[in-house]
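# Per-entry structural report
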Amino acid sequence: MTGGCCAIGCGIAECGSAVTDGGTLAISKLSVTVGRYGPLVMIGAITALLGALYVSARRATTVAELASKEHSIEKSLQTMKDAWRTFKFDLVPGNTAGVYILRQIDELQLQLDDHRLQTQALGFSPFKAIFEKDIAAWEASLSAMQQLLDLWIPVQIAWLYLEPIFAAEDIV
């Protein structure tokens, strides 16, 4: 140890630290760096700083978790909307001109049921606050689709049953 400086090279000649026999650093005096108040003030300041850093880290973690959950809700809504944008309704021409038959109703109903459940789950999320309007609007759209299918399917079934009768030439 040269010039009174410690083993870590702080540059303060009066720091009073020394390397112990085990090779670890022992600081005997901190009063030079904290002035006339002594080492307890320094330890208190460090403790207060660490406490503040801990609180800030907890707040940052909480904000990050909230942002992550909100992003998850936003992404889930967007994924469902994209799925419906690319969904192909399988409409095939019926035997009568101008009449179309909706096929693959089971696949359509499964996707609709799945998305309605997902949307309801998003509505129960404690992180939904900024997306409440979007969730409500999407839920209304899915409900409208369900109502449409609830009307379309029985009419289509009845039409497919009665079409041969109405298409017969002897009825005209």
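Our subject is the structure listed above.
So, a few notes on the structure that sits alongside this text. (Residues numbered from 1 in each chain as written. Predicted model: local features only at pLDDT ≥ 70, side-chain atom pairs only at ≥ 80, totals over all residues. Heavy atoms only, no water.)

### Points about the pattern of salt bridges
Under the criterion given, the structure shown has 3 salt bridges. The shortest N-O distance in the salt bridge between Asp82 and Arg85 comes to 2.5 Å. Taken together, the positions of Asp82 and Arg85, both in helix H2 (residues 39-86) and 3 residues apart, correspond to about one turn of that helix. On the accessibility criterion, Arg85 (57% relative accessible area) is exposed. The partner of Lys128 in a salt bridge is Glu132, with the nearest N and O atoms 3.8 Å apart. Residue class for Lys128 comes out partly exposed when judged on its relative accessible area of 23%. (Salt bridge = Lys/Arg side-chain N within 4 Å of Asp/Glu carboxyl O. Helix = DSSP H or I, 4+ residues; strand = E, 2+ residues; numbered from the N terminus. Buried < 20%, exposed > 50% of the residue type's maximum accessible area, 1.4 Å probe, protein only.)

### Brief notes about the environment of Leu77
On the secondary structure map, Leu77 appears in helix H2. In the structure, Leu77 is positioned 54 residues away from Phe131 in sequence and 9.3 Å away in space, judged by C-alpha atoms. In this structure, Leu77 is in contact with Leu122, Phe131, Asp134, Ile135 and Trp138, ignoring residues within four places of it in sequence. (Contact = heavy atoms within 4.5 Å.)

### As for helix H4 (residues 132-167)
The end-to-end C-alpha separation of H4 is 50 Å, in line with the 52 Å expected for 36 residues at 1.5 Å each. The sharpest bend along H4 reaches about 40° and sits at Tyr161, with the proline Pro164 one to four residues further on. Taken together, the buried positions of H4 are Ile135, Trp138, Leu142, Met145, Gln146, Leu149, Gln156 and Glu163. (Expected span 1.5 Å × (residues − 1). Bend = angle between axes of the 7 residues up to and from the residue.)

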